[in-house]
Amino acid sequence: MGFEEDLNNVVKHLLQVDDYTPSRVVSICGMGGLGKTTLAKKVYHHKDIQSHFHGLAWVCISQQYQTRDNLQEIFINLVPERKEDVVNMENKELFEQLYTIHQSKKCLVVLDDIWSIEAWKSLKLAFPNGNTGSKILLTTRNKTLPSQIDPYHIFHEPQCLNDEESWDLLQKKSLLRRDGRGNINQSRLLYILIQIKLFQC
């Protein structure tokens, strides 16, 4: 709901090629519950993204990140045919292999729900600097983080729903839950109203 413009903007930035000031990082930033991950998923599965990049990977970082697990997940997503090899790789080899993969083919890696610069530093050696054609899409609540990762980053913050969009969403959601007599469940309706109120700025 209300994501169409956001979706088109983020897809456009990820497909953009700029040899002078290459933006390898596109960020979706904002408060919790704004729909950052939902938007990122729509971008990830967009037909233009799927056809443009040769490899795609999705990894959820969160506050309690595990560097090796994250590296392995990215590797398996990008090179699924080598899934068995990754278990025996040392971290150093994982970094080197991922670095080479990003240089040899255009990849999109989504770092979902990344909270800190420390989390990025634990992964950064796997990503080449400069214009390789590969991109990073990250979702975060930390609005200062993208500029710490890449000074040329593209910053995108989805907007909250306006009154009309909120009312449309309420109607669509409430119609999905009815009692046996075809009436809207009142407790469900109250819950949705509270959620939409919290969702608005």
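Residues numbered from 1 in each chain as written. Predicted model: local features only at pLDDT ≥ 70, side-chain atom pairs only at ≥ 80, totals over all residues. Heavy atoms only, no water.

Right, let's get into the sheet that holds strand 2 (residues 55–60). With respect to topology, five strands assemble into an open sheet ordered 2-3-4-1-5, the strand pairing being parallel. Of all strands in the sheet, those bounded by a partner on one side alone are strand 2 and strand 5 (154–156). On average, adjacent strands in this sheet sit at an angle of 15 degrees to one another, irrespective of strand direction. For strand 2 and strand 3 (residues 107–112), the ladder comprises six bridges, and the chain directions are parallel. (Pairing = 2+ DSSP bridges. Helix = DSSP H or I, 4+ residues; strand = E, 2+ residues; numbered from the N terminus. Axes fitted to C-alpha atoms, helices over the stretch in contact; angles between N-to-C directions.)

A separate point is the pattern of salt bridges. Two side chains bearing opposite charge may form a pair once their charged atoms approach each other closely. Overall, the coordinates contain three salt bridges when judged by the stated rule. When the shortest N-O distance is used, the salt bridge between Arg82 and Asp85 registers 3.1 Å. When its relative accessible area of 26% is taken as the criterion, Arg82 is described as partly exposed. (Salt bridge = Lys/Arg side-chain N within 4 Å of Asp/Glu carboxyl O. Buried < 20%, exposed > 50% of the residue type's maximum accessible area, 1.4 Å probe, protein only.)

Running from amino to carboxyl end, helix 4 (residues 67–78) crosses helix 5 (residues 91–104) at an angle of 40 degrees, the nearest separation of the two axes being 10 Å. Between helix 4 and helix 5, the angle falls in the class oblique. The chirality of how helix 4 crosses helix 5 is left-handed. Of the residues in helix 5, those in contact with Thr67, Arg68, Leu71, Gln72, Ile74, Phe75 and Leu78 of helix 4 are Asn91, Leu94, Phe95, Gln97, Leu98, Ile101 and His102. In the contact of helix 4 with helix 5, the residues fall into eight nonpolar, five polar and one charged. (Parallel < 35°, antiparallel > 145°, perpendicular 65-115°, else oblique. Left-handed = near helix turned anticlockwise from the far one by under 90°. Contact = heavy atoms within 4.5 Å. Nonpolar A, V, L, I, M, F, W, Y, C, P; charged D, E, K, R; others polar.)

The subject of this paragraph is unusual backbone geometry. Across residues other than glycine, the phi torsion is negative in most instances, and most of the peptide bonds are trans. The phi angle at Ser62 is positive, at roughly 60 degrees, despite the residue not being glycine. Tracing the sequence through the fold places Ser62 in the loop between strand 2 and helix 4. A relative accessible area of 22% means that Ser62 is categorised as partly exposed. Positive phi is not limited to glycine here, since Asp113 has a value of about 60 degrees. Positionally, Asp113 belongs in the loop between strand 3 and helix 6 (117–121). The partly exposed category is assigned to Asp113, whose relative accessible area is 23%.

Helix length check: helix 1 (residues 4–15) (12 residues) gives 17 Å between terminal C-alpha atoms against 16 Å at 1.5 Å per residue, within 8%. In this structure, the buried side of helix 1 is in contact with strand 1 (25–29), helix 2 (36–44), helix 3 (47–52), strand 3, strand 4 (135–140) and strand 5. (Expected span 1.5 Å × (residues − 1).)

A separate point is the packing of aromatic side chains. Any two aromatic rings considered together are summarised by their centre-to-centre distance and by the angle between their planes. Here the structure, examined in full by the defined rule, presents two aromatic pairs. Plain terms: the ring middles of Tyr44 and Trp58 are 5.5 Å apart, the flat faces sit at 85 degrees to each other, and that makes the pair edge-to-face. With Tyr44 in helix 2 and Trp58 in strand 2, the pair connects residues that are 14 residues apart, well separated along the chain. With respect to class, Tyr44 is no different from Trp58; both count as buried. (Phe/Tyr/Trp six-rings, centres within 6.5 Å; stacked < 30°, edge-to-face > 60°.)

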